[in-house]
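# Topology and contacts: notes
The primary structure of each chain is shown beneath.
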Amino acid sequence: MRWALIGASDIAATQVLPALRQLGHEPVVVVGSDGERTARYAIRNGVGYGTTSIEEALGAGVDAVYVSTTNERHAAGVHAAVGAGCHVLCEKPLAPSLDQARAMVDAAAGAGVVMATNHHLRNSPVIAALRGLVADGTLGRVLGVRVAHTNLLPERLRGWRLGSEAGAGVVLDLTVHDVDTVRFVTGMEVLEVAAIGVAQGMSGLDAVAVAGRLGGDGADATLHLHDAFTTPHARTAFEVFGTAASALATDAMSQTPDGEVVLRRADREEVLVDVGERENLYVRGLRAFAEAVAGHGEPPCTGEDGVRSLAGALAVTESLMTGRRVSLGITGDIA
Ligand code: NDP
């Protein structure tokens, strides 16, 4: 598959381009806003060439476009790609606003191209194992979910994410992943949230605690999220509490396929779950995206999934701003 990259970004260089190469895909062109930097980026990262012109890049005979600019620029990249008839993989959060995100998804649907959101955690063997334990009934009915997405944001990423106009911060960077992963693992939707943020010196509110409610198909479950840019000595974790058993995945909210899943029952029996092949998350996701483009199924995370995760993250933002609990307006059984 021939790719154009819109965004000369860190995530493209560190994860997506190596994964494309591993799959034998061709990164034809990268678009950046600074011609010289983008040309250097192309050479350094094995991309055919760099340009500042999206039109030129989309005229280069590419099948798919990967959009990884800062969040407020995703929409322009996606609309251009879709307008040129290209399939598109867009980074999370799809956009700073729900209206923008919906318009992106609608445009892709109207053009008949595949649009996917790069919530890479869906491709984690650890997260997939948790989903399997819910889906096959091992855990019974889900009673609650607890997520610790607790990192120390690397120095090199402390730019636009921290309080700029580019639309990020801890909620649009980390919480949005949590919402998607919770939906993916449990099959439930986030119905309402109440959030508290704290300022720990990195920028504004750089750590949040979220209490929420999950539902769907008659289920009713609690949600706890702890998302932080400021925790140097923490493991990440994703825990699901069920009526038949609970499962704890450690090091689960990560870019690597590491981590363990332990199944626990009331009799204190603890079993290490076999999570299968520990494949690179981005390789797995891009392979599935290519299969969807070839007409085999859907990508791991669709554009619509990206809208749903954004809706959850924006509800958390609204709760932080207003000090109130926020309903996502989802009622009844959810497909
Ligand atoms: P970067 O800061 O590395 O890149 C974002 C944009 O900033 C680039 O497109 C580039 O603009 C500009 N930029 C980057 N470095 C420089 C520089 N040295 N000088 C000048 N401009 C620069 O962002 P990330 O890679 O961290 O994030 C990009 C997107 O990917 C975000 O939407 C983020 O949320 C998402 N992301 C997703 C992850 C995942 O695993 N799914 C993980 C990390 C990020 P231009 O291209 O116009 O030159």
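Residues numbered from 1 in each chain as written. Predicted model: local features only at pLDDT ≥ 70, side-chain atom pairs only at ≥ 80, totals over all residues. Heavy atoms only, no water.

Scanning the protein chain from N- to C-terminus turns up nine helices and 15 strands. The C-alpha atoms of the protein chain give 20 Å as radius of gyration, which agrees with the globular expectation for 335 residues (20 Å, within 12%). With respect to the principal axes defined by its C-alpha atoms, the protein chain has extents near 60 × 40 × 40 Å. Relative to its 335 residues, the protein chain shows a buried fraction of 55%. A fraction of 67% describes how many contacts in the protein chain between residues 6 or more apart in sequence connect residues 24 or more apart. Carbon and sulfur atoms make up 50% of the accessible area of the protein chain, which amounts to about 14,100 Å² in all. (Helix = DSSP H or I, 4+ residues; strand = E, 2+ residues; numbered from the N terminus. Rg over C-alpha atoms; globule rule 2.2 N^0.38 Å. Buried < 20%, exposed > 50% of the residue type's maximum accessible area, 1.4 Å probe, protein only. Contact = heavy atoms within 4.5 Å. Areas by Shrake-Rupley, 256 points an atom, 1.4 Å probe, with all protein chains shown as cover.)

Glancing now at the pairing of strand 10 (residues 219–228). When a strand is regular, its side chains alternate between the sheet's two faces. Looking at chain direction, strand 7 (residues 142–150) and strand 10 are connected through seven bridges and run parallel. Residue Ala 148 lies in a different strand from strand 10, and its bridge partner there is His 226. Relative to strand 10, strand 9 (residues 207–216) runs antiparallel, the two being bridged by 10 bridges. Note on strand 10: the bridge partner recorded for Val 208 is Asp 227. Remark: two residues form the turn of the hairpin made by strand 9 and strand 10, two consecutive strands paired antiparallel; Asp 217 in that turn has positive phi of roughly 55°. (Pairing = 2+ DSSP bridges.)

Every one of the 26 residues lining the ligand counts as a neighbour, but Asp 10, Ser 33, Asn 71, Arg 73 and Tyr 282 are closest to it. Asp 10 places a main-chain nitrogen or oxygen 2.7 Å from an oxygen atom of the ligand. Here Tyr 282 contributes a side-chain N or O atom positioned 2.5 Å from an oxygen atom of the ligand. Taken by itself the ligand offers 880 Å² of open surface, and the protein chains cover 79% of this. Broken down by secondary-structure element, the contributors of at least two residues to the shell around the ligand are helix 1 (10–22) and helix 7 (169–186). Residues that form the shell around the ligand fall into these classes: six nonpolar, 13 polar and seven charged. (Near = heavy atom within 4 Å. Polar contact = N/O pair within 3.5 Å; in protein donor to acceptor, adjacent residues only side chain to side chain. Nonpolar A, V, L, I, M, F, W, Y, C, P; charged D, E, K, R; others polar.)

As a further point, take the pattern of salt bridges. Scanning the model with the defined rule gives 21 salt bridges in all. Across the salt bridge formed by Arg 156 and Asp 10, the nearest N and O atoms sit 2.7 Å from each other. Of this pair, Arg 156 sits in the loop between strand 7 and helix 7 while Asp 10 sits in helix 1; the two residues are 146 residues apart in sequence, bridging distant segments of the chain. A salt bridge links Glu 239 to Arg 264, with the shortest nitrogen-to-oxygen separation between them at 3.4 Å. A residue pair is termed long-range when its members are at least 10 positions apart, and Glu 239 in strand 11 (residues 237–242) and Arg 264 in strand 13 (residues 260–264) qualify at 25 residues. Glu 239 sits in the buried class, given a relative accessible area of 7%. Assessed through its relative accessible area of 25%, Arg 264 is described here as partly exposed. Ionic contacts of the salt-bridge type, sharing partners, join the residues Arg 122, Asp 180, Arg 183, Glu 189, Glu 304, Asp 305 and Arg 308 into one network. (Salt bridge = Lys/Arg side-chain N within 4 Å of Asp/Glu carboxyl O.)

For strand 1 (residues 2–6), a buried count of four out of five residues is recorded, marking the element as mostly surrounded by other parts of the structure. Across five bridges, strand 1 lies against strand 2 (residues 26–31) in parallel orientation. Bridged to Ile 6 within strand 2 is Val 31. Once the chain exits strand 1 it traverses helix 1 before rejoining the sheet at strand 2, and the crossover so formed is right-handed. (Right-handed = clockwise from strand over helix to strand, strands pointing away.)

The next thing to look at is the environment of Glu 91. Here Glu 91 shows up in the loop between strand 5 (87–90) and helix 5 (98–111). Linking Glu 91 and Val 275, residues 184 residues apart in sequence, is a C-alpha distance of 26 Å. The residues touching Glu 91, leaving out its near neighbours within four places in the chain, are Ile 11, Tyr 66, Val 67, Ser 68, His 74 and Asn 118. A polar contact is formed between the side chain of Glu 91 and the side chain of Tyr 66, at a distance of 2.6 Å.

For helix 5, with 14 residues, the first-to-last C-alpha span of 20 Å sits near the 20 Å given by 1.5 Å per residue. Along helix 5, the residues that are buried comprise Ala 101, Met 104, Val 105 and Ala 108. Considered in projection along helix 5, the buried side chains sweep an arc of 90° and stay on one side of the axis. Facing away from the buried side of helix 5 by more than 90 degrees, the exposed set consists of Asp 99, Asp 106 and Gly 110. Where the residues of helix 5 are buried, they touch helix 4 (74–83), strand 5, strand 6 (115–117) and helix 9 (303–322). (Expected span 1.5 Å × (residues − 1). Arc of directions from axis to C-beta.)

No statement about biological role is implied by the geometric values presented.
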